[in-house]
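Per-entry structural report
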Amino acid sequence: MGFARTCSVALVGVEGVVVEVQADLEPGVAAFTLVGLPDKSLTESRDRVRAAVVNSGASWPSKKLTVGLSPASVPKAGSGFDLAVACAVLGAAERIDPRVLADIVMIGELGLDGRVRPVRGILPAVLAAADAGYEQVVVPECAAAEASLVPGVSVLGIRSLRQLIAVLADEPVPDEEPDEPGRPDSLRAGLRVPGAGAATGMQGVGAAQHDHDLADVVGQHSARTAVEVAAAGGHHLFLEGPPGAGKTMLAERLPAVLPRLGREESLEVTAVHSVAGLLPPGKPLIDVAPYCAPHHSATMQSLVGGGQGIARPGAVSLAHRGVLFLDETPEFRSQALDALRQPLEAGHVVIARSAGVVRFPARFLMVLAANPCPCGRFSQRDALCECPPSQIRRYQARLSGPLLDRVDLRVEVDPVTRAELTRPGARGESTATVADRVRAARDRTAARLTGTPWRTNSEVPGRELRNRWQPASGALAEAERNLERGALTARGLDRVLRVAWTVADLAGHDRPDAGDVALALQLRTGVPRGVPMAIGAPA
C-alpha cells in the first residue's frame, strides 16, 4: 500500500481554505475514485490527470487508487486541484518522495499533454496558504508574478508536469520547447475568462488615467467641484442633467483624480479581479482605482454578485476601492438598485446560496447619472419638454428615497452654452492639478484619522464626528434648522458633516466653519442656497 499527501486551496468567494489532497494505492482492480465533495469540473480531473501523467513520461499505477480532499465538508470547485492530485498520485506510487510533497501547496490545471495551465484566483489562494503557515507554493509559470505578490512565500513557477517531477525528484529539469514567435500563448487563456465582465462594464484598468482628462470638460464648475469633493472624501455623487451636458465625461474622469491604491488596497482589488478572471494581461498588481459602468439592463446578480453554485463577484465588488458608475440610473430595475443599499452602508456584500455563504468586499464610490425626465428637456430654458407631469413624477420616483439618502452629493449639471464651448482657452483645470489637491486633502484626513479603522471622511460614523471631531462653534446652525424642518434626516445630517470635513480638508482648514457647512449642505440637498460652488470661496 502506498500513501502520499500534498496541499491545494479551495476558494469560497475571495477567501481560501487549504485542502489536503491525499492519495492511497491498494492492491485490487485498477480504479480511480475521487472523494471529498468535488464538483463536476473537479470530478473530470481523473481523466485529465491520468493523461497528463502518462504523457509526461511517468507510469500510471495499475492499482485501486483513492484520492481524498480534506476537509470533506468544504465544497470544492474548479480545475486548480489537478496539479496537487497528480503529484499525490505520483507520491503514492513512489515516483516522488512523499516527504517532499507534504508541506507544498500546488495550484494549477493540467492539460492532457502535461502542460500546466493557470486558473482564476491565484492571489487569494496563495494568501490563504500564507495565512495557514505554508512557505512553498507551486503555480503555473505565467501566474508566478501574481503569486509572488504575497510576501514570505517561496513561489515556483512551472510550465509542465514533467518539469515539476524533475524538480521534486532532484533530477535534471528538462527544457520545454518555446512557442513559435508570433503565436499567442494559449496557456494565458485561464487568466482571463471571456465574457466574465461583459455585464459589469469593466474598463481597462488604468485606461482612464491616460485617455481622459478633466481639462476636456467645458464649463460645469459646480459639477467639477462636486467631483473633487467626492474624490477627496469618498462621497457618493448624483449628477442630474439633460443629455449631452457632460455627466458621463465627468464620471469617466473621476478614477484618475483618485489617489493610487496602497499596498493593502491593491491586494484587495487584485484578489477580487483574479477570482473574476479580469486581471489585465501582464499586470498582476492593480494599483489604480478600477472603474465599472454596467449597462442599465444589468440584473441584480450582475450588480451585487451571484450566479449558480458558488457566487461570483458582481459590479459592486469589481469596483471595490474604485468607481461604480450607473448611467441612466432610472432605467435600472428598482430591485437591482435597492440591492445596493447594504453594500453602500457596510462596505461589503454577503450572498447566501445553497452551496454556501460568500462575502465580497464592496467599498466603492458610486456615481449616479440621470436625466430630469424621459425626454431629458425638463426645466431647461428655451426648450419644450413633451413629458406630462405624471410621467415626470413616475420617472423621478424610480430612484427610491432610501437610496438617494445614502448619496452625499447631488448636483444639477446644466447644458453647456455656445459661449462656453467656443470661447478660446475654455479648458478647465487638468486632472493632474485636481488630483494634487485631492491627494493633499487625503493626507490631512489620514493624519486626523491616525489610529482609527477609517481612511476617508465618508467612512467615519456620525457619532464620532459629533463627539470626537466637532466643527467650529455655530457652524451647524443652518443644518440643524433643516433637520427640524424635515428637510434632512438624521443620516443626512451626519453626511452633511462628513462632506463639510472634506471641504475643510480641501480648503486647508483645521475644522469646518460655517462656509464649509453651507457648501456641504448645498451639495447634499442639491438646493441652491447662494453659496459659491468653489472650495475656499467666501460664503
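The structure this text deals with has already been given above.
Calculation criteria
- Residues numbered from 1 in each chain as written.
- Predicted model: local features only at pLDDT ≥ 70, side-chain atom pairs only at ≥ 80, totals over all residues.
- Heavy atoms only, no water.
- Helix = DSSP H or I, 4+ residues; strand = E, 2+ residues; numbered from the N terminus.
- Buried < 20%, exposed > 50% of the residue type's maximum accessible area, 1.4 Å probe, protein only.
- Lys, Arg positive; Asp, Glu negative; His and termini not counted.
- Salt bridge = Lys/Arg side-chain N within 4 Å of Asp/Glu carboxyl O.
- Contact = heavy atoms within 4.5 Å.
- Pairing = 2+ DSSP bridges.
- Core = buried A, V, L, I, M, F, W, Y, C linked by side-chain atoms within 4.5 Å.
- Axes fitted to C-alpha atoms, helices over the stretch in contact; angles between N-to-C directions.
- Parallel < 35°, antiparallel > 145°, perpendicular 65-115°, else oblique.
- Left-handed = near helix turned anticlockwise from the far one by under 90°.
- Nonpolar A, V, L, I, M, F, W, Y, C, P; charged D, E, K, R; others polar.

This paragraph deals with the environment of isoleucine 310. Of note, isoleucine 310 is situated in the loop between helix H12 (300–304) and helix H13 (315–318). Sequence separation of isoleucine 310 and proline 75 is 235 residues, and the distance between their C-alpha atoms is 8.9 Å.

For lysine 247, the position within the fold is in helix H10 (residues 247–257). No salt bridge is formed by the buried lysine 247; the nearest opposite charge belongs to aspartate 327, separated by 5.9 Å. Residues in contact with lysine 247, not counting those within four places in the same chain, are Leu239, Glu240, Gly241, Pro242, Phe325, Ala369, Ala370, Asn371 and Val413.

Right, let's talk about the sheet that holds strand E11 (residues 291–292) for a bit. Here 5 strands make up an open sheet; going across it, the order is E11-E12-E15-E10-E16 and the pairing parallel. Taken across any chain shown, the strands that pair with only one partner, and hence form the sheet edges, are E11 and strand E16 (409–412). Note that strand E10 (residues 237–240) and E16 share 4 bridges and pair parallel. Residue leucine 237 lies in a different strand from E16, and its bridge partner there is leucine 409.

Along the chain, proline 330 turns up in the loop between strand E12 (323–326) and helix H14 (334–338). As a C-alpha pair, proline 330 and alanine 370 span 40 residues in sequence and 6.6 Å in three-dimensional space. Other than its neighbours up to four places away in sequence, proline 330 contacts Ala369, Ala370, Tyr395, Arg398 and Leu399.

Attention shifts here to the nonpolar core. Judged by nonpolar contacts, the single largest core of 54 residues is most densely connected at Leu237, Leu239, Val367 and Leu523. Per-element accounting of this core gives the leading share, 8 residues, to helix H22 (residues 490–507). In this structure, leucine 523 is in contact with Ala226, Val229, Asp408, Leu409, Arg410, Val411, Val499 and Met533, ignoring residues within four places of it in sequence. In this structure, Ala58, Val74, Leu83 and Val116 belong to the second largest nonpolar core, which totals 40 residues.

Turning next to the packing of helix H2 (residues 45–55) against helix H3 (residues 82–92). Two elements in contact, H2 and H3, have axes separated by 10 Å at closest approach and are oriented at 60°. Taken together, the axes of H2 and H3 are oblique relative to one another. Classified by chirality, the crossing of H3 by H2 is right-handed. Contacts between H2 and H3 involve Ser45, Arg48, Val49 and Val53 from the first element and Asp82, Val85, Ala86 and Leu90 from the second. Taken together, the residues of the contact of H2 with H3 break down into 5 nonpolar, 1 polar and 2 charged.

Here the bond from serine 70 into proline 71 is cis, since omega is 5°, no more than 30 degrees from zero. Look at leucine 37: it is not a glycine, yet its phi comes out positive at around 60°. Along the chain, leucine 37 falls in the loop between strand E3 (31–35) and helix H1 (40–43). Exposure remark for leucine 37: the relative accessible area of 45% places this residue in the partly exposed category. Located in the positive-phi region is glutamate 94, a residue other than glycine, with phi close to 65°.

With that settled, consider the environment of alanine 477. With respect to the helices, strands and loops of the structure, alanine 477 is situated in helix H21 (residues 477–485). Taking the C-alpha atoms as reference points, alanine 477 and serine 8, 469 residues apart in sequence, are found 60 Å from one another.

Here the structure, examined in full by the defined rule, presents 30 salt bridges. Arginine 253 is the salt-bridge partner of aspartate 216, the closest N and O atoms lying 3.4 Å from each other. Remark: arginine 253 occurs in helix H10 and aspartate 216 occurs in the loop between helix H8 (207–211) and helix H9 (221–233); sequence separation between them is 37 residues. On the basis of relative accessible area, aspartate 216 is assigned to the partly exposed category, the value being 32%. Aspartate 287 is the partner of arginine 260 in a salt bridge, and the nearest nitrogen-oxygen pair spans 3.0 Å. Taken as a pair, arginine 260 in the loop between H10 and helix H11 (263–276) and aspartate 287 in the loop between H11 and E11 lie far apart in primary sequence, 27 residues in all. A relative accessible area of 55% places arginine 260 in the exposed class. Connected through shared salt-bridge partners, Glu345, Asp405, Arg406, Asp408, Arg491, Arg495 and Arg524 make up one network.

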